[in-house]
Structures are given as structure tokens and as C-alpha cells.
Amino acid sequence: MAEYACGIDIGGSGVKGGVVNLSTGELVSDVASVRTPVPSTPASVTAACGEVLEILGVSADTPVGITFPAPIKKGIIPFIANLDESWVGVNIAELMSKQLGRSVVVINDADAAALGEVYFGAARGVPGEVIVTTLGTGIGSGVIVDGRLIPNVELGHLEIDGFDAETRASARVKTAENLSWEQFAQRLQRYYSFVEMLFSPDLFVVGGGVSENHEKFMPLLNLRTPIIPASLQNKAGIVGGACAATGRM
Ligand code: BGC
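All values derive from a computational prediction rather than experimental measurement.

(A) Region of interest: the site of the ligand. The ligand sits among 14 residues. The nearest are Asn-108, Asp-109, Glu-154, His-157 and Glu-166. One nitrogen or oxygen atom from the side chain of Asp-109 is found 2.5 Å from an oxygen atom belonging to the ligand. Between the ligand and His-157 there is a distance of 2.8 Å, counted from an oxygen atom to a side-chain nitrogen or oxygen. Within the complex, the protein chains bury 94% of what would otherwise be the 310 Å² of accessible surface of the ligand. Here the ligand is seated within the largest pocket. Counting only elements with at least two residues in the shell around the ligand, the list comes to helix H3 (109–120) and strand E7 (139–145). Looking at the shell around the ligand, its residues break down into 7 nonpolar, 4 polar and 3 charged. Each of domain 1 (4–111 + 235–245) and domain 2 (126–231) accounts for three or more of the residues forming the shell around the ligand.

(B) Spatial organisation of the sheet that holds strand E4 (residues 64–68). Read across the open sheet, the 5 strands follow the order E3-E2-E1-E4-E5; overall the sheet is mixed. The open sheet is flanked by strand E3 (32–35) and strand E5 (104–108), the only strands paired with a single partner. Averaged over all adjacent pairs, the angle separating strand axes in this sheet is 20°, with direction ignored. Of the strand pairs in this sheet, E4 and E5 are connected by 5 bridges, and their pairing is parallel.

(C) Representation of the environment of Tyr-192 within the structure. Along the chain, Tyr-192 falls in helix H6 (residues 181–199). With 16 residues separating them in the primary sequence, Tyr-192 and Gly-208 have C-alpha atoms 15 Å apart. If we skip the residues at most four places from it in the chain, Tyr-192 touches Thr-133, Leu-135, Phe-204, Val-206, Leu-221, Leu-223 and Ile-227. Separated by 2.6 Å, the side chains of Tyr-192 and Thr-133 make a polar contact.

(D) Representation of the pattern of salt bridges within the structure. If you walk through the whole model with that rule in mind, you get 4 salt bridges. Linking Glu-196 and Arg-224 is a salt bridge whose minimum nitrogen-to-oxygen distance equals 3.8 Å. Here Glu-196, found in helix H6, pairs with Arg-224, found in the loop between helix H7 (214–217) and strand E12 (227–229); they are 28 residues apart in sequence, far enough to count as distant. Judged by its relative accessible area of 66%, Arg-224 falls in the exposed class.

(E) The packing of H3 against helix H8 (residues 236–245), seen in detail. Contact geometry for H3 and H8: axes closest at 7 Å, N-to-C directions at 85°. Here H3 lies roughly perpendicular to H8, going by the angle between them. Judged by residue contacts, Ala-112, Ala-113, Leu-115, Gly-116, Glu-117, Tyr-119 and Phe-120 of H3 engage Ala-236, Gly-237, Val-239, Gly-240, Gly-241, Cys-243 and Ala-244 from H8. Residue classes in the contact of H3 with H8 are distributed as 9 nonpolar, 4 polar and 1 charged.

Each value, and the rule that gives it
Residues numbered from 1 in each chain as written. Predicted model: local features only at pLDDT ≥ 70, side-chain atom pairs only at ≥ 80, totals over all residues. Heavy atoms only, no water. Near = heavy atom within 4 Å. Polar contact = N/O pair within 3.5 Å; in protein donor to acceptor, adjacent residues only side chain to side chain. Areas by Shrake-Rupley, 256 points an atom, 1.4 Å probe, with all protein chains shown as cover. 1 Å grid on protein atoms, 1.4 Å probe; cavity = no way out; pocket = protein on both sides within 12 Å on 5 of 7 lines; lining within 4 Å. Sits in = over half its atoms within 2 Å of the grid points. Helix = DSSP H or I, 4+ residues; strand = E, 2+ residues; numbered from the N terminus. Nonpolar A, V, L, I, M, F, W, Y, C, P; charged D, E, K, R; others polar. Domains from an automatic or database assignment. Pairing = 2+ DSSP bridges. Axes fitted to C-alpha atoms, helices over the stretch in contact; angles between N-to-C directions. Contact = heavy atoms within 4.5 Å. Salt bridge = Lys/Arg side-chain N within 4 Å of Asp/Glu carboxyl O. Buried < 20%, exposed > 50% of the residue type's maximum accessible area, 1.4 Å probe, protein only. Parallel < 35°, antiparallel > 145°, perpendicular 65-115°, else oblique.

Here is the structure:
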């Protein structure tokens, strides 16, 4: 197994990457980031990944894992909520490997965050069912059962009170609607209690940039299930992408 791999995390606002030491989960490079292009088409986003690789100076023999904000079934994007619609039906791993001139692994962004937390973070060694959620442009979910990832679970699109959940309780919505932490916590309360009712998990892990401010909203939540911040915070995607690059799934 390779000792180092590069993870690139494609988000709604930025594409960021880093080189990860796979024994420790630590970044051995700076985080390189570029803005997510608009429109965020397959060609433009792939080019942005190429820029990140170039900034990082990733060598040809370093494995690369790319995280993407949509489910990926047999390489293909079945639907997409937060990037350009032209991604639907695209075989993303094939496209990116061809355009970037190297073989890359592509994985859902929240699944990657969950892998990062399982190998090196808050979910390490936790038995039973762990649901890792990422609060960002959308709501991502990665479900881990006894250390194994169940891929492509899309709990951000649960319909709650007549709304697609991520249009009520993502970090983007907090900013767009100028919600106070208390108001945001009320939305999250509704969301997490619904997920808790459906799954009765053993642990919730909350990631995404907003989890840096966990003390502002997490203590306001009243759940049966323990809920803790992601320990890799917004680097979980990069670390998880690097894990996926080397078959740590
Ligand atoms: C997508 C998920 C993704 C999440 C976070 C959702 O809109 O459907 O696949 O994990 O956003 O980016």
C-alpha cells in the first residue's frame, strides 16, 4: 500500500486538495484550493481538479482520490443537487482519469468524510452504526456499520415537513437566511430527530466547515444519540478521498 495519497474535495464553493500520510491521516502538504467554477460543468470542474494537482505538485505515482457531491453508482452520477445538471449520466471516474491523464478514484464527498473519520477521526473504533453528516452547501451523509461504509446513502434529501431537508438545515441555508445559532439548532433538531427515529444509530458525527463552531449549536440539541463534531473537521473529505484512492473503503 502506498504511504501517501492525494485527496481532492469538490464542494459547492471550492475545490481543495492535499497530500495525506496514510499511516497517520495527517496532511503533509498545505491545502491547495481554487474556487468551484461557474458553471460547474464536467469539463470546468475537472480542470479545477487539475489545477489543484498542479499547485500541490502531485507526482505521477501518487494515488489520487476525488470526492464529489453526488451519489456515484458504478461510476455514474444518477442525480445532482448542487453542481451543474450536465453531470447527470456522466461516468465521472472515466472522465476525470482521461482528462487528468492519470487513474483516479472518485467517491461521494460525505462517504469520504465518513471514511476519514473512521480511519483517523471521531468514528475510529466505534462499534455499531455511525452516521456522519456534513453540513455545507448541502447535507451529506455517510453511514458506517461496524467500521464498514454503506455507500451512497442520501439522508440530506429526506423530505421533512414537506421540504428537502438540505434546503432547511444546511450551513448554506444558515448563511442565506441569516439564521441565528438558536434558529439553526431548531432546524437541526428537527433533522437529527427524524434521522434518529429512522435509524436509531449509535453515534452522530457532524462535519463540514460549520462544525468548527459546534459549541454554538450542538449543546442546544436534544437527542438520545450522542452527537459529536468531526475531529478532522473540514479536512475529512481530503483525508477520506486519500483513503479511497488506495482502496481503504
Ligand atoms: C448530495 C450528496 C452530497 C451532499 C453534500 C447532496 O446534495 O446529494 O451526494 O453528499 O449534498 O455535498
